[in-house]
Amino acid sequence: MSSKDGLIYTPVCYFDLRSGILCPRCEAKLRSGEITELDVEVARLLVNLESRFPHLQKASFIKAVDAEEYVFVVVGRGDLAKLNPIIGDLRRILSDKLGKPTIMLENQSDPRPLLEDLLSPLRIVGMNTVWIPDGTREIHIIVSGSKRNLPVSEKILHSIVEKLYGTSLRLTFESSIVNRRGGSRRTPKTDRVR
Ligand SMILES: [Zn+2]
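Since the structure is predicted, the reported quantities are computational estimates derived from the model, not experimental observations.

Details of the overall build of the protein chain
Broken down by element type, the protein chain carries eight helices and six strands. Burial analysis of the protein chain (194 residues in total) assigns 21% to the buried set.

This is the structure:
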């Protein structure tokens, strides 16, 4: 369907969302786990909101992720800017309908911008991917500041990275490294005082 008709992309056929009945292809995607009930529900909600918020017709809905106490709604790259005028209303409505606070995120192949958004105002000062001998990988990030200043819980960060990127996450806080290093740096100074 073209953008004139509604959301540019959803994981479910536009027609199915309008009619409320999944076609055999979408039904099969749901059964195979390629899409979830939550994806269908969020896609349906967004399609129903289109006439009220025409901005949605410029956006794509990629998927929804239920992560602990939040629902993450992933939209296409660059869509957050397009949705900016309505994002507050949209979040409110979706949170209300889904029964959990909703956070809108952009689809990114690189998890770094997403993690930067989630962690802001804390900063990522180091990031690398570690390959584990069993063939899986782990994203390791070093975050400025301390754990108690995390804007979202560590559990949520693990869950979102796991569900969006299929990898585990390891977080290290710079404050704990600085404390360790600071301890050793302080030793020569004390020596001088003595
Ligand atoms: Zn379909």
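On we go from here.
Quick look at the nonpolar core
In terms of nonpolar packing, the biggest core is built from 28 residues, with Ala43, Phe61, Phe72, Val73 and Val75 touching the most fellow members. There are two domains that each give this core at least three residues, and those are domain 1 (1-107) and domain 2 (108-188). Filtering out sequence-adjacent residues up to four positions away, Phe61 remains in contact with Leu7, Tyr9, Thr10, Val42, Ala43, Leu46 and Val75. Judged by nonpolar contacts, the second largest core, of five residues, contains Leu115, Leu119, Ile141 and Phe173.

Examining the sheet that holds strand β5 (residues 137-143)
Strand order in the open sheet formed by three strands is β4-β5-β6, with mixed pairing between adjacent strands. Every interior strand has two partners, whereas the edge strands, β4 (124-131) and β6 (168-173), have only one. In this sheet, neighbouring strand axes are inclined to one another by 20 degrees on average, regardless of whether the strands run parallel or antiparallel. The pairing of β5 with β6 spans six bridges and is classified as parallel. Residue pairing across strands places His140 opposite Arg170, the latter belonging to β6. Of the strands in this sheet, β4 and β5 touch helix α6 (residues 111-119), which is tilted by about 135 degrees from β4. Each of β5 and β6 is contacted by helix α7 (residues 154-165), which is oriented at about 145 degrees to β6, the strand it contacts most.

Some details on the sheet that holds strand β1 (residues 61-67)
Taken together, the three strands give an open sheet; going across it, the order is β1-β2-β3, and neighbouring strands pair in mixed fashion. What marks the edges here is a single partner per strand, and that holds for β1 and β3 (102-106). Averaged over all pairs of adjacent strands, the angle between their axes in this sheet comes to 20 degrees, without regard to strand direction. Across five bridges, the pairing between strand β2 (residues 70-75) and β3 is parallel. Bridge assignment links Val75 to a residue of β3, and that residue is Glu106. Docked against the sheet, α7 engages β1 and β2, running at close to 140 degrees with respect to β1.

Here we look at the confidence of the model for the protein chain
Across the protein chain, the average pLDDT comes to 85, with 89% of residues at 70 or higher. Between residues 183-194, whose pLDDT stays under 50, and residues either more than four places distant or in other chains, the model counts zero contacts.

Remarks on the pairing of β4
The element β4 is largely exposed, with a buried count of zero among its eight residues. When β4 meets β5, the two strands line up antiparallel, connected through seven bridges. By the bridge assignment, Trp131 is partnered in β5 with Arg137. Hairpin geometry of β4 and β5 is characterised by an intervening segment of five residues between the two adjacent antiparallel strands and by a positive phi of about 95 degrees at Gly135.

Focus: the environment of Pro121
Here Pro121 is to be found in the loop between α6 and β4. Distance in space between the C-alpha atoms of Pro121 and Asn149 is 9.0 Å, their sequence separation being 28 residues.

What counts and how
Residues numbered from 1 in each chain as written. Predicted model: local features only at pLDDT ≥ 70, side-chain atom pairs only at ≥ 80, totals over all residues. Helix = DSSP H or I, 4+ residues; strand = E, 2+ residues; numbered from the N terminus. Buried ≥ 20, exposed ≤ 12 C-beta atoms within 10 Å, placed from the backbone. Core = buried A, V, L, I, M, F, W, Y, C linked by C-beta atoms within 7 Å. Domains from an automatic or database assignment. Contact = placed C-beta atoms within 7 Å. Pairing = 2+ DSSP bridges. Axes fitted to C-alpha atoms, helices over the stretch in contact; angles between N-to-C directions. pLDDT = per-residue confidence, 0-100.

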